[in-house]
Amino acid sequence: MERTLLQWRLLPLLALIAAIVSIFFASPRSFQETQGNNKKCSLLPHDHYWISSKRIVTPDGLISGSVEVDGGIIVSVVKEVDWHKSQRSRVKVIDYGEAVLMPGLIDVHAHLDDPGRSEWEGFPSGTKAAAAGGITTLVDMPLNSCPSTVSPETLKLKIEAAKNRIHVDVGFWGGLVPDNALNSSALESLLDAGVLGLKSFMCPSGINDFPMTNITHIKEGLSVLAKYRRPLLVHAEIEKESEIEDGSENDPRSYLTYLKTRPTSWEEGAIRNLLSVTENTRIGGSAEGAHVHIVHLSDASSSLDLIKEAKGKGDSVTVETCPHYLAFSAEEIPEGDTRFKCSPPIRDAANREKLWEAMMKGDIDMLSSDHSPTNPELKLLSDGNFLKAWGGISSLQFVLPVTWSYGKKYVVTLEQVASWWSDRPSKLAGLHSKGAITVGKQADLVVWEPEAEFELDEEHPIHFKHPSISAYLGRRLSGKVVSTFVRGNLVFREGKHASDACGSLQLAA
Ligand SMILES: NC(=O)N[C@H]1NC(=O)NC1=O
Ligand SMILES: [Zn+2]
Ligand SMILES: [Zn+2]
């Protein structure tokens, strides 16, 4: 009798003590304390936790093990064999098993069109798509928003528009245009305001307040950029006579007509011209410290050869291509299907093959989306007029599975994907606290299942604003994003976003 009574009194007491102890150890620090009083930034109520995976992509190769995140920073990376129970007993462990844990993607080339053309995309939808695609940082292009980002005042408008509306981290490129290119104090004030570098066009951009630059503008721009050690990104096409003038004699619904209006000689001519000033970026040169990055290379022949040659001579030059040039070929673009229109254009299958070879050899340094959406009406989908439709591919959410799916044939490794999408882009943009799973870096991470296949059908949730204009619709891809972490915040998990937009602005200091 006495024993039962004792049990009755002691048991609840013991249970209470156990509950208090377990609460204390399971949630080590109050979430509110550590997340700037905002519980809604993350789908995970922990600030200090471990992530385990059998496939973690680190700079030292693929490991099976665990990554410890505390306060948004990677504080340890431990191989499975070295991971002792004592290390994890006090904190949450998320075990992703066979899913791959990789640094989050850094997309250095996206047009979010905000402010001013947010009906084309906008910061909320664009960054939600990024998070759902495993992109943890993107750098927004200075054109297609209105006004273009070409001065401290117009950068300020971007910053205002992005506040509390971005779900991943966002930086900005400024525009190098004739108005500021020959005015070093104007350029300096734009760089002082925090743009990560500049972007210019060697042909008409299609946007009225973003005129093209000539080689003198570019040369002057580089001399200012040298002081800041920031890059110039260049859209390298130059208008030359084409095989057909304006296509008026030809069928505007045929992709071949459009292709003939922008031949490879446009890229080659621009790159030849551009590389006449990049010798200044060599060590000891007048623009040492500046760097030239050629965006969205399409021509894998003469244009690429010129770039390789310049690199060989010590010019500070890099080049990117985009998933659409690696996934599609001119031969397969249906008549009137303007979803595939972009510039420079998607070329033939033999060129695509050469682009992949250059990726595998390391001659092309990195990838970017060049997500350049518009209002569906401007894609002229029912007309199918390639000559009049808006040029730009919508892809932001799909770049990881597209790279993986189309790279399978070439036996692309996970380490290469991380190099093309995280390491190299972080260096280009000067985002040195990002881009790798190593101690001290920000915990920008993507968890994904390379083997999981899915169909981009009507049922697939697409977060960018106008899914109907994406050339990827209807494709079957492999590589499903499971979770995305931005500075330790779990911003996306299994189709769901954290409710608040807690991305931070990445301004150059
Ligand atoms: N203005 C703009 O976004 N242009 C982009 N679209 C495209 O296809 N190539 C570009 O440079
Ligand atoms: Zn461009
Ligand atoms: Zn672009």
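Residues numbered from 1 in each chain as written. Chains lettered and ligands numbered in written order. Predicted model: local features only at pLDDT ≥ 70, side-chain atom pairs only at ≥ 80, totals over all residues. Heavy atoms only, no water.

The name recorded for the chain in an unreviewed UniProt entry is allantoinase, from Camelina sativa. On record in UniProt, under Pathway (unreviewed entry), the comment for the chain is "Nitrogen metabolism; (S)-allantoin degradation; allantoate from (S)-allantoin: step 1/1." Of the comments in the UniProt record for the chain, the one headed Subunit (unreviewed entry) reads "Homotetramer." (UniProt positions renumbered as here; feature names shortened; annotations may be inferred.)

Colleague: Describe the packing of aromatic side chains, with residues and values.
Modeller: All chains considered together, the criterion is met by 14 aromatic pairs. Arranged with centres 5.4 Å apart and planes meeting at 90°, the rings of Trp 404 and Trp 448 form a pair that is edge-to-face. Residue Trp 404 is found in helix 14 (residues 399–407), and its partner Trp 448 is found in strand 15 (residues 445–455); the two are separated by 44 residues along the sequence. Pair check on accessibility: Trp 404 and Trp 448 agree, each one buried. (Phe/Tyr/Trp six-rings, centres within 6.5 Å; stacked < 30°, edge-to-face > 60°. Helix = DSSP H or I, 4+ residues; strand = E, 2+ residues; numbered from the N terminus. Buried < 20%, exposed > 50% of the residue type's maximum accessible area, 1.4 Å probe, protein only.)

Colleague: Summarise the packing of helix 7 (residues 184–192) against helix 8 (residues 215–228); cite the residues concerned and give the values.
Modeller: Two elements in contact, helix 7 and helix 8, have axes whose closest approach is 10 Å; the angle formed by their N-to-C orientations is 40°. Taken together, helix 7 and helix 8 sit at an angle that is classed as oblique. Remark: the crossing between helix 7 and helix 8 carries right-handed chirality. Between helix 7 and helix 8, the contacting residues are Ser 184, Leu 187, Glu 188, Leu 191 and Asp 192 on the first element and Gly 221, Val 224, Leu 225, Lys 227 and Tyr 228 on the second. A per-class count over the contact of helix 7 with helix 8 returns five nonpolar, two polar and three charged. (Axes fitted to C-alpha atoms, helices over the stretch in contact; angles between N-to-C directions. Parallel < 35°, antiparallel > 145°, perpendicular 65-115°, else oblique. Left-handed = near helix turned anticlockwise from the far one by under 90°. Contact = heavy atoms within 4.5 Å. Nonpolar A, V, L, I, M, F, W, Y, C, P; charged D, E, K, R; others polar.)

Colleague: Explain the confidence of the model for the chain to me, using residue names and the numbers behind them.
Modeller: In this model, the chain carries an average pLDDT of 93, and 91% of its residues clear a pLDDT of 70 or more. A low-confidence stretch, residues 16–37 (pLDDT under 50), is modelled with 24 contacts involving residues beyond four sequence positions or located in other chains. For this predicted complex, the interface confidence comes out at an ipTM of 0.97, alongside a pTM of 0.92. (pLDDT = per-residue confidence, 0-100.)

Colleague: Residues and numbers for the coordination of the zinc ion (ligand 2), please.
Modeller: The coordination sphere of the zinc ion (ligand 2), as far as protein atoms go, consists of His 235 (ND1) and His 296 (NE2), spread over 2.1 Å. The metal-metal distance between the zinc ion (ligand 2) and the zinc ion (ligand 3) is 3.7 Å. Of this pair, His 235 sits in strand 11 (residues 231–235) while His 296 sits in the loop between strand 12 (291–294) and helix 11 (302–312), placing them 61 residues apart in sequence. (Donors = N, O, S within 2.8 Å, 3.2 Å for Na, K, Ca; no water.)

Colleague: Lay out the sheet that holds strand 19 (residues 505–506) in plain terms, naming residues and giving numbers.
Modeller: For sheets, the rule is that strands pair by backbone hydrogen bonds, running either parallel or antiparallel. In spatial order, the strands read 6-7-8-19; together these four strands make up an open sheet with parallel pairing. The open sheet has two edge strands, strand 6 (105–110) and strand 19, and neither has a second partner. Of the strand pairs in this sheet, strand 7 (residues 135–140) and strand 8 (residues 169–172) are connected by four bridges, and their pairing is parallel. Paired with Asp 140 across the bridge in strand 8 is Phe 172. (Pairing = 2+ DSSP bridges.)

Colleague: Tell me about the site of ligand 1, and name the residues and values.
Modeller: Around ligand 1, the surrounding shell holds 14 residues, and the nearest of these are Asn 144, His 235, Ser 343, Ser 372 and Gly 391. Ser 372 is positioned such that a nitrogen or oxygen atom in its side chain is 2.8 Å from an oxygen atom of ligand 1. Separating an oxygen atom of ligand 1 from a backbone N or O atom of Gly 392 is a distance of 3.5 Å. Protein contact buries 98% of the 290 Å² of open area that ligand 1 shows by itself. Classifying every residue of the shell around ligand 1 by side-chain character gives four nonpolar, nine polar and one charged. (Near = heavy atom within 4 Å. Polar contact = N/O pair within 3.5 Å; in protein donor to acceptor, adjacent residues only side chain to side chain. Areas by Shrake-Rupley, 256 points an atom, 1.4 Å probe, with all protein chains shown as cover.)

Colleague: How would you explain the coordination of the zinc ion (ligand 3) if you had to name every residue and give the values?
Modeller: Each protein donor to the zinc ion (ligand 3) is listed here as His 109 (NE2), His 111 (NE2) and Asp 370 (OD); together their distances run 2.1 to 2.2 Å. Here the donor residues for the zinc ion (ligand 3) map to a single chain with the spacing H-x1-H-x258-D. A residue is classified by how much of its surface remains accessible, and His 109, at 1% relative accessible area, is buried.

Colleague: Tell me about the environment of Ala 287, and name the residues and values.
Modeller: Relative to the assigned elements, Ala 287 resides in the loop between helix 10 (264–274) and strand 12. When the C-alpha atoms of Ala 287 and Gly 221 are compared, they prove to be 9.5 Å apart, with 66 residues separating the residues in sequence. In this structure Ala 287 touches Leu 222, Ser 223, Ala 226, Asn 280 and Thr 281, once residues within four positions along its chain are discounted.

Colleague: Describe in detail the nonpolar core, supporting the description with residues and values.
Modeller: Residues Met 102, Leu 138, Leu 198, Leu 222, Ile 346, Leu 396 and Trp 448 are the most contacted members of the largest nonpolar core, which totals 101 residues. When sequence neighbours within four positions are dropped, the list of residues in contact with Trp 448 reads Ala 99, Val 100, Met 102, Leu 400, Trp 404, Leu 414, Gly 479, Lys 480, Val 481 and Val 482. (Core = buried A, V, L, I, M, F, W, Y, C linked by side-chain atoms within 4.5 Å.)

Colleague: Describe helix 7, and please don't skip the residues or the numbers.
Modeller: Turning to helix 7, its buried residues are Leu 187, Leu 190 and Leu 191. Down the axis of helix 7, the buried side of the element spans an arc of 95°, and every buried residue falls inside it. In this structure, the buried residues of helix 7 make contact with helix 5 (152–162), strand 9 (174–175), helix 6 (178–181), strand 10 (198–201) and helix 8. (Arc of directions from axis to C-beta.)

Colleague: Requested: an account of helix 4 (residues 123–132), with residues and values cited.
Modeller: The element helix 4 is largely enclosed, with a buried count of eight among its 10 residues. All of the buried residues along helix 4 are Phe 123, Ser 125, Gly 126, Thr 127, Ala 129, Ala 130, Ala 131 and Ala 132. Next to the buried residues of helix 4 lie strand 7, helix 5, strand 8, strand 16 (476–486), strand 17 (489–493) and strand 18 (496–497). Once helix 4 finishes, Gly 134 follows within two positions and takes phi at roughly 85°, a positive value.

Colleague: Outline the environment of Leu 380, listing residues and values.
Modeller: Note that Leu 380 resides in the loop between strand 14 (366–367) and helix 14. Residues Leu 380 and Ile 469, spaced 89 residues apart in sequence, show a C-alpha to C-alpha distance of 9.8 Å. With sequence-adjacent residues up to four places away left out, Leu 380 is seen in contact with Thr 338, Asn 385, Lys 388 and Ala 389.

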